[in-house]
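Chain residues, written in single-letter form:
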Amino acid sequence: MKQFPLAFFDRHQHGELMSRLTNDVDQISTTISNSLTMLLTYGFTVLGILGIMFSLSPFLTLVACRAWG
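Below: a short report on this structure.

Procedures and definitions
Residues numbered from 1 in each chain as written. Predicted model: local features only at pLDDT ≥ 70, side-chain atom pairs only at ≥ 80, totals over all residues. Heavy atoms only, no water. Axes fitted to C-alpha atoms, helices over the stretch in contact; angles between N-to-C directions. Helix = DSSP H or I, 4+ residues; strand = E, 2+ residues; numbered from the N terminus. Parallel < 35°, antiparallel > 145°, perpendicular 65-115°, else oblique. Contact = heavy atoms within 4.5 Å. Nonpolar A, V, L, I, M, F, W, Y, C, P; charged D, E, K, R; others polar. Buried < 20%, exposed > 50% of the residue type's maximum accessible area, 1.4 Å probe, protein only.

**Some details on the packing of helix 2 (residues 14–56) against helix 3 (residues 58–68)**
- Between helix 2 and helix 3, the shortest axis-to-axis distance is 5 Å and the interhelical angle comes to 130°. The angle between the axes of helix 2 and helix 3 places the two elements in the oblique class. For the pair helix 2 and helix 3, contact is made by Leu50, Met53, Phe54 and Leu56 and by Pro58, Thr61, Ala64 and Cys65, respectively.
- When grouped by side-chain class, the residues that make up the contact of helix 2 with helix 3 number 7 nonpolar, 1 polar and no charged.

Pasting the structure below:
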């Protein structure tokens, strides 16, 4: 944990420090929420596409997956 000298707290008002902290926590929360939403969306999209491919032609799906990975 970073240690600040007492002079830092003398120069900055309590409300300013709390505002920065609150804003940073809000930004982190928003970033995590958006990233998780995108990850789930893309994951379901890939699984859905693979499911449709497999239902249309299992052999070609396995060939394409083998060539891709």
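Now that the structure has been shown, the text picks up again.
**Section: the environment of Phe54**
- Mapping Phe54 onto the fold places it in helix 2.
- You can call Phe54 partly exposed: its relative accessible area is 44%.
- With 10 residues separating them along the chain, Phe54 and Ala64 place their C-alpha atoms 10 Å apart.

None of the figures reported here should be taken as evidence of function without further support.
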